[in-house]
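Below are the chains, spelled out letter by letter.
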Amino acid sequence: MGDLSDLYQEVILDHNRRPRNFRVLEQASHHAEGFNPLCGDRLNLFLAIDGDVIADVAFQGSGCAISKASASLMTDAVKGQTVGAAQSLFARFHQMVTTPPDRAVEDLGKLSVFAGVREFPVRVKCASLAWHTLKAALERNEKASTE
Ligand code: ZN
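Here is a short report on the structure shown in this document. Computed from a prediction, not measured in an experiment: that's the story for all the values here.

Quick look at the pattern of salt bridges now. Applying the stated criterion across every chain yields a total of seven salt bridges. Residue aspartate 56 pairs with arginine 23 through a salt bridge whose shortest N-O separation is 2.7 Å. You can see aspartate 56 sitting in strand 3 (residues 53–62) and its partner arginine 23 sitting in the loop between helix 1 (6–17) and strand 1 (30–36), a full 33 residues away along the chain. When its relative accessible area of 19% is taken as the criterion, aspartate 56 is described as buried. For lysine 79, the salt bridge identified is with aspartate 56, shortest N-O distance 3.6 Å. Of this pair, lysine 79 sits in the loop between helix 2 (65–78) and helix 3 (83–98) while aspartate 56 sits in strand 3, and the two are 23 residues apart along the sequence. When its relative accessible area of 35% is taken as the criterion, lysine 79 is described as partly exposed. In this structure, a network of salt bridges that share partners links the residues Asp14, Arg18 and Arg20.

Our next topic: the pairing of strand 1. Of the two faces of strand 1, the one holding His30, Ala32, Gly34 and Asn36 is buried and the one holding His31, Glu33 and Phe35 is not buried anywhere. Two strands pair when backbone bridges link them, and strand 1 and strand 2 (residues 41–50) are joined in this way by seven bridges, in the antiparallel orientation. Residue glycine 34 lies in a different strand from strand 2, and its bridge partner there is leucine 43. Across three bridges, strand 1 lies against strand 4 (residues 143–145) in parallel orientation. From the neighbouring strand, glycine 34 faces strand 4, where its bridge partner is alanine 144.

Here is what the cut-offs are and how they apply
Residues numbered from 1 in each chain as written. Predicted model: local features only at pLDDT ≥ 70, side-chain atom pairs only at ≥ 80, totals over all residues. Heavy atoms only, no water. Salt bridge = Lys/Arg side-chain N within 4 Å of Asp/Glu carboxyl O. Helix = DSSP H or I, 4+ residues; strand = E, 2+ residues; numbered from the N terminus. Buried < 20%, exposed > 50% of the residue type's maximum accessible area, 1.4 Å probe, protein only. Pairing = 2+ DSSP bridges.

Okay, here's the thing in structure tokens:
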């Protein structure tokens, strides 16, 4: 973890220690299992979609601090959003973490703590895992991999 600035580390470590929405959702309408073979991060994502709205979202899993913190912040960000808004946020997050380090990126509020990972390609997979798993769940794919 010596590769991100102190502020970012603080947010990431806080969400790693006390992940939000870290539980199994019994009444899930959508589910996917994500795996990042490069780091060994695994997570199970559960969605309760009511009409067009993500009424509830939760995850369980194990992995590095970045993957867990990203899942925690992702679930906070999409809860209560429409499916379309969540898909748009996925696209913007993906663009933020894959833009070359010397270019400016969109400010995504709390999610911007992950902008620093774009300098570390291996970490991009850790930060993106939860989002790829979200996309898979929305598309009714049971498995997601960052490979
Ligand atoms: Zn990882």
